[in-house]
Amino acid sequence: DRVMYAGDVTRPGCNAEFQCVDERIAAKAPASLGDAEAAALPLTTITAWEMLFDRLQVPRGDGGVDRTVLVVGAGGGVGSMLVQLARHLTRATVIGTASRPESRHWVESLGAHHVLDHSQSLKEELERAGVADITDAACVNRTHQHFEDLVAMLRPQCRLSLIDDPAEPL
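As a starting point, this report considers the structure included with it. Keep in mind the model is a prediction, meaning the values are calculated, not measured.

About the thresholds
- Residues numbered from 1 in each chain as written.
- Predicted model: local features only at pLDDT ≥ 70, side-chain atom pairs only at ≥ 80, totals over all residues.
- Heavy atoms only, no water.
- Helix = DSSP H or I, 4+ residues; strand = E, 2+ residues; numbered from the N terminus.
- Rg over C-alpha atoms; globule rule 2.2 N^0.38 Å.
- Buried < 20%, exposed > 50% of the residue type's maximum accessible area, 1.4 Å probe, protein only.
- Contact = heavy atoms within 4.5 Å.
- Areas by Shrake-Rupley, 256 points an atom, 1.4 Å probe, with all protein chains shown as cover.
- Lys, Arg positive; Asp, Glu negative; His and termini not counted.
- Charge placed at Lys NZ, Arg CZ, Asp CG, Glu CD.
- Axes fitted to C-alpha atoms, helices over the stretch in contact; angles between N-to-C directions.
- Parallel < 35°, antiparallel > 145°, perpendicular 65-115°, else oblique.
- Left-handed = near helix turned anticlockwise from the far one by under 90°.
- Nonpolar A, V, L, I, M, F, W, Y, C, P; charged D, E, K, R; others polar.
- Arc of directions from axis to C-beta.

**A closer look at the overall build of the protein chain**
Part 1: Scanning the protein chain for helices and strands turns up 5 helices and 7 strands.
Part 2: Along the protein chain, helices (α) and strands (β) appear in the sequence β-β-α-β-α-β-α-β-α-β-α-β when read from the amino end.
Part 3: Relative to the compact-globule value of 15 Å for 170 residues, the protein chain shows a C-alpha radius of gyration of 17 Å, a close match.
Part 4: Expressed as a percentage of the 170 residues in the protein chain, the buried residues total 38%.
Part 5: Long-range contacts, defined here as pairs at least 24 residues apart, represent 58% of the contacts in the protein chain between residues at least 6 apart.
Part 6: Accessible surface, the protein chain: about 10100 Å² in total, of which carbon and sulfur atoms supply 49%.
Part 7: Looking at the protein chain, you have 16 positive and 24 negative side-chain charges, and the mean spots of the two groups are 4 Å apart.

**Some details on the packing of helix 1 (residues 35-55) against helix 2 (residues 77-89)**
Part 1: As a packed pair, helix 1 and helix 2 sit with axes 8 Å apart at the nearest point and diverge in direction by 55°. The orientation of helix 1 relative to helix 2 falls into the category oblique. As helix 1 packs across helix 2, the resulting crossing turns out to be right-handed. Residues Leu-41, Thr-44, Thr-45, Thr-47, Ala-48, Trp-49, Met-51, Leu-52 and Phe-53 of helix 1 form the contact with helix 2, whose participating residues are Gly-77, Val-78, Met-81, Leu-82, Leu-85, Ala-86 and Leu-89.
Part 2: In terms of residue class, the contact of helix 1 with helix 2 is built from 12 nonpolar, 4 polar and no charged.

**Quick notes on helix 5 (residues 143-153)**
Part 1: All of the buried residues along helix 5 are Thr-143, His-146, Asp-149, Leu-150 and Met-153. All buried residues of helix 5 lie within an arc of 135° about the axis, which places them on one face of the element. Turned more than 90 degrees away from the buried face of helix 5, the exposed residues are His-144 and Glu-148.
Part 2: Where the residues of helix 5 are buried, they touch strand 3 (68-72), helix 4 (122-128), strand 6 (134-139) and strand 7 (154-162).

As structure tokens, this is what we get:
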């Protein structure tokens, strides 16, 4: 079977045609995906899933109806998976960020309710979208650039999850 998997964090990857892997970390690759697409899917999807459901603790189903999730970097691999998971598995309002027109269209096509331009002030962009605040922020890149706006946009006692590694302390 043609399978995909995220790999083993205890050893580097490989460029072999065949590999022996634990069946618990493998799944059949969808026939609709090419090899490169299938190879990219597991790690981006697992990362997005963990950010959304484990770190931000957005409830699946109707429990998240009062949540507003902002995905900074929604046009990239992890961000685009996060938008789709949030839109299809939760009742949260999903807001993505993108700056180029083609990226904005991509994020909209994935189901984002709103798309903010991350080359502008996110706080001002959120106000222009008519949204008062957010309950959850998933930042997949440039956290240092948006940190002050993110903190100002978050409701008290809400969550911020990031996967980049800002060079400067936040």
